[in-house]
Amino acid sequence: MFLLLPSAVFSQKPSANEKPASNVDAVKGSSAFAEILLRSTDLESELESLLIDYTDDFPKVKEIKFTLSVLFRDRDRLMHSKPGELGRLSQALGRLIVRRAELETDLWKLLQSYKDEHPDVKRAKRRVEIYDRAIKDILG
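Structural notes, computed from the coordinates. Keep in mind it's a predicted model, so treat the numbers as computed, not measured.

**A few points about the overall build of the chain**
Then step 1. Along its length, the chain carries five helices and zero strands.
Then step 2. In the chain, the succession of helices and strands from N to C terminus is α-α-α-α-α.
Then step 3. Counting only residues that meet the buried cut, the chain has 26% of its 140 residues in that class.

What follows is the structure in structure tokens.
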């Protein structure tokens, strides 16, 4: 026996009482957020394994914590995206953000040993600036 249902059952629209997915949910569903989440999860996993044998003063632990802080800062910025910007949160943007975090970490490591005037520091700053500009071009 077949039961025939009106097609309206399958094409229901949300009622006026139901809210559409929030902006935060939309950001969390974006490819950019997924890229940042993937990298930060990898780093957190690596950090946990290092903390078994090393203290917070170990250079690699410090480096990973710095990179995570940069990624979390950028993730929080994405969470404050305006609804009109959600279409721009692409995988490419996520990759740019992750790469910029790596470059910022490289700069941070250089600054532990050298002053701002050092050529390697200047080159590293320039690389970060280039990625910053590309990210700003996407986000508008």
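Resuming the write-up.
**Some thoughts on the nonpolar core**
Then step 1. Residues L78 and L93 are the most contacted members of the largest nonpolar core, which totals 21 residues.
Then step 2. For this core, the secondary structure elements donating two or more residues are helix 2 (31-53), helix 3 (59-79) and helix 4 (91-111).
Then step 3. Counting residues per element, this core draws most heavily on helix 3, at seven residues.
Then step 4. When neighbours within four sequence positions are excluded, L93 is seen to be in contact with A32, L78, R88, I135, I138 and L139.
Then step 5. L103, V121, A124 and V128 belong to the second largest nonpolar core, which has five residues in total.

**Focus on the pattern of salt bridges**
Then step 1. Applying the stated rule across the entire model yields 16 salt bridges.
Then step 2. Of the charged contacts in the structure, one is a salt bridge between R126 and E129, with a shortest N-O distance of 3.6 Å. A residue pair is termed a helical-turn pair when its members lie 3 or 4 positions apart in one helix, as R126 and E129 do in helix 5 (residues 119-139) at three residues.
Then step 3. Classification of R126 by relative accessible area gives partly exposed; the value is 43%.

Calculation rules
Residues numbered from 1 in each chain as written. Predicted model: local features only at pLDDT ≥ 70, side-chain atom pairs only at ≥ 80, totals over all residues. Heavy atoms only, no water. Helix = DSSP H or I, 4+ residues; strand = E, 2+ residues; numbered from the N terminus. Buried < 20%, exposed > 50% of the residue type's maximum accessible area, 1.4 Å probe, protein only. Core = buried A, V, L, I, M, F, W, Y, C linked by side-chain atoms within 4.5 Å. Contact = heavy atoms within 4.5 Å. Salt bridge = Lys/Arg side-chain N within 4 Å of Asp/Glu carboxyl O.

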